[in-house]
Amino acid sequence: MQASGSKTESGRNDLGDAKTVGEFRAALLDFFARRGRDLPWRRARNPYRVLVSEFMLQQTRVETVRERYVRWLRRFPGWRELAAASRDEVLLEWKGMGYYARARNLHRTARIVCERHGGELPPEPKALKELPGVGDYTAGAVASIAFGRAVPAVDGNVRRVLCRLLDLPDPSPRELRDLAARLLHPTRPGHHNEAMMELGATVCTPRTPRCPTCPVRSHCAAHRLGTVRERPLRKPRRPPRRVDYAAAVAIDRAGRVLLVRRPEGGLLGGMWEFPTAELPCDVANRRPNHGLDRRDRPADATGDPNSGSEPLRRAAGASSNHNMHHAAAAPTVALERLAKLGLRGVAIVALAPVRHAFTHLRARYHPVVVSLRDSAATAPPMADAPTNGEDPATARWVEPARLDAFALPVAQQKIAEQLIAEQLGDMLE
DNA sequence: TAACCGTGGCC
DNA sequence: TGGCCAAGGTT
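For the structure given in this document, a descriptive report is provided here. Fair warning: this is a prediction, and the values are worked out from it, not measured in the lab.

What follows deals with the protein's contact with DNA strand C. In the neighbourhood of DNA strand C, 25 residues make up the surrounding shell, with Leu 57, Gln 59, Asp 155, Asn 157 and Pro 206 lying closest. In DNA strand C, atoms within 4 Å of the protein come 64% from sugar and phosphate. Between Gly 133 and DNA strand C, the recorded distance is 2.7 Å, taken from a backbone N or O atom to a phosphate oxygen. A distance of 2.9 Å separates a phosphate oxygen of DNA strand C from a polar atom in the backbone of Gly 135. Elements with a contribution of two residues or more to the surface near DNA strand C: α2 (47-57), α8 (136-147) and α9 (156-165). Across the surface near DNA strand C, the residue classes break down as 8 nonpolar, 7 polar and 10 charged.

So, in structure tokens, the structure goes:
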């Protein structure tokens, strides 16, 4: 294997000697000083703010984070305030940003910093990496940006920039780290790392790189070889799984709706939702030799959900064609879900299906409004009694107008919007 | 190693 | 509409 950054086919020195590397660093820092964006987390800095911004920016666009970051700092100005907050307060503030494990980890980190580090973030990468949610990249970014440590920080942007600079198709994380460390400006590592990311975000972009305006294009092997568009190599992704859910919108006598908290780990962990249960797979949606056989369905899932009760109404916009199979099973599954919570009711309205795309999941929610007004069992298991100090009840009755006060994932917010648009009064008559 | 974990914008 | 992607970390 040819040593990275050594002689190229054209015979030019390409980041292989100290002089060239020095020129590269200077051009990079000059670019950042003159063309770097004015972003909130680049203004007033302290270790807490740097860490918050890095958590928020994991796999998330700058434009999404921008306002959320400012709002977060107003709500949780420092370690102490964040550590003192409840899980619900933290998740509510994170609502809509996705990857909610980040919020839980940031919260845990704040408590660790307060309880074990005297309220000060440790500056060494090794100590940083022991904090929940802090990996190789974040440790390097915080150590260099907040504490001036000369350590590399390789994120997706930096990886792309490096792959192009040296025309590497698919280098290992170790290679990238070594390479980044070799190029790193020894006395201004924070600015250097940020400048590399800024270059990747605004100039050396994935799709249509702006090579004519690139401050370091004279150092770029891919530019010279015409391989910029193919660097780095893309890996094929597996197609997302398809899942259908029934969502039970249970309404009690007072017109309140029931929310339950999802379990800590896993998808949307700790977030609130209308009680939800997976629907049996649609035969037509399955690939041969995969998934469940038809007889694996729950025996009553295909029965008439409304036998012996009033007929189910369909809200305007509710699908009645190709979703028919799922839409038909949804009321029964929704009632079963509520039965597990000790509740018995009557399905009265099917709302329109809500489609939602997760990274590795294509979900469809089939909301069913269930009236509990004639039920005698709306109280006991649903009491608001906290189970312990930190973990308030896992189920709560909520006035629809107050749903905003709960950390609902986006798909659940869509269901809530439909519910409010449908006008509860009409339904309960 | 590869799967899992959200969301919104873009084409 | 649907696939791709964006300042990763965890298991």
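So much for the structure itself; the text now carries on.
Turning our attention to the protein's contact with DNA strand B. What surrounds DNA strand B is a group of 19 residues, the closest being Arg 61, Tyr 100, Leu 268, Thr 359 and His 360. The sugar-phosphate share of atoms of DNA strand B within 4 Å of the protein amounts to 60%. Interatomic distance of 3.1 Å between a side-chain N/O atom of Thr 60 and a base nitrogen of DNA strand B. In this structure, Leu 268 approaches DNA strand B through a main-chain N or O atom, which is 2.3 Å from a phosphate oxygen. The class makeup of the residues in the surface near DNA strand B is 9 nonpolar, 8 polar and 2 charged.

Assignment of secondary structure puts Ser 53 in helix α2. Within the structure, Ser 53 has its side chain in polar contact with the backbone oxygen of Val 50 (distance 2.8 Å). Apart from the residues lying within four places of it in its own chain, the contact partners of Ser 53 are Trp 41 and Tyr 69.

Turning next to the packing of aromatic side chains. Per the counting criterion, the structure on display carries 6 aromatic pairs. A centroid spacing of 5.5 Å and a plane angle of 80° characterise the contact between Trp 41 and Tyr 69, whose relative ring orientation is edge-to-face. One end of the pair, Trp 41, is in the loop between α1 (18-35) and α2; the other, Tyr 69, is in helix α3 (residues 62-75), and 28 residues separate them in sequence. Residues Trp 41 and Tyr 69 agree in their burial class; the two are buried. A centroid spacing of 5.5 Å and a plane angle of 90° characterise the contact between Trp 72 and Trp 94, whose relative ring orientation is edge-to-face. In this pair, Trp 72 sits in helix α3 while Trp 94 sits in helix α5 (residues 87-94), placing the two residues 22 residues apart along the sequence. Trp 72 gets classed as buried once you look at its relative accessible area, which sits at 0%. Aromatic ring contacts, followed pair by pair, group Trp 72, Phe 76 and Trp 94 into a single cluster.

In total, this model carries 4 cavities of 30 Å³ or more according to the counting rule given. Quantified by volume, the largest cavity comes out at close to 120 Å³. Together, 15 residues line the largest cavity, and Arg 164, Cys 204, Cys 211, Cys 214 and Cys 220 are the ones closest to its centre. Element by element, the count of residues in the lining of the largest cavity is highest for α9, at 3 residues.

Going through the model one piece at a time under the given rule, you end up with 22 salt bridges. Here Asp 136 makes a salt bridge to Arg 177, at a shortest N to O gap of 3.9 Å. Of this pair, Asp 136 sits in helix α8 while Arg 177 sits in helix α10 (residues 173-183), and the two are 41 residues apart along the sequence. What makes Arg 177 partly exposed here is its relative accessible area of 31%. Taken together, the salt bridges that share partners define one network made up of Arg 37, Arg 42, Arg 45, Glu 194 and Glu 198.

Rules behind the numbers
- Residues numbered from 1 in each chain as written.
- Chains lettered and ligands numbered in written order.
- Predicted model: local features only at pLDDT ≥ 70, side-chain atom pairs only at ≥ 80, totals over all residues.
- Heavy atoms only, no water.
- Near = heavy atom within 4 Å.
- Polar contact = N/O pair within 3.5 Å; in protein donor to acceptor, adjacent residues only side chain to side chain.
- Helix = DSSP H or I, 4+ residues; strand = E, 2+ residues; numbered from the N terminus.
- Nonpolar A, V, L, I, M, F, W, Y, C, P; charged D, E, K, R; others polar.
- Contact = heavy atoms within 4.5 Å.
- Phe/Tyr/Trp six-rings, centres within 6.5 Å; stacked < 30°, edge-to-face > 60°.
- Buried < 20%, exposed > 50% of the residue type's maximum accessible area, 1.4 Å probe, protein only.
- 1 Å grid on protein atoms, 1.4 Å probe; cavity = no way out; pocket = protein on both sides within 12 Å on 5 of 7 lines; lining within 4 Å.
- Points joined across faces, edges and corners; volume = space filled by probe spheres on them.
- Salt bridge = Lys/Arg side-chain N within 4 Å of Asp/Glu carboxyl O.

Function cannot be inferred from these measures alone, as they are strictly geometric.
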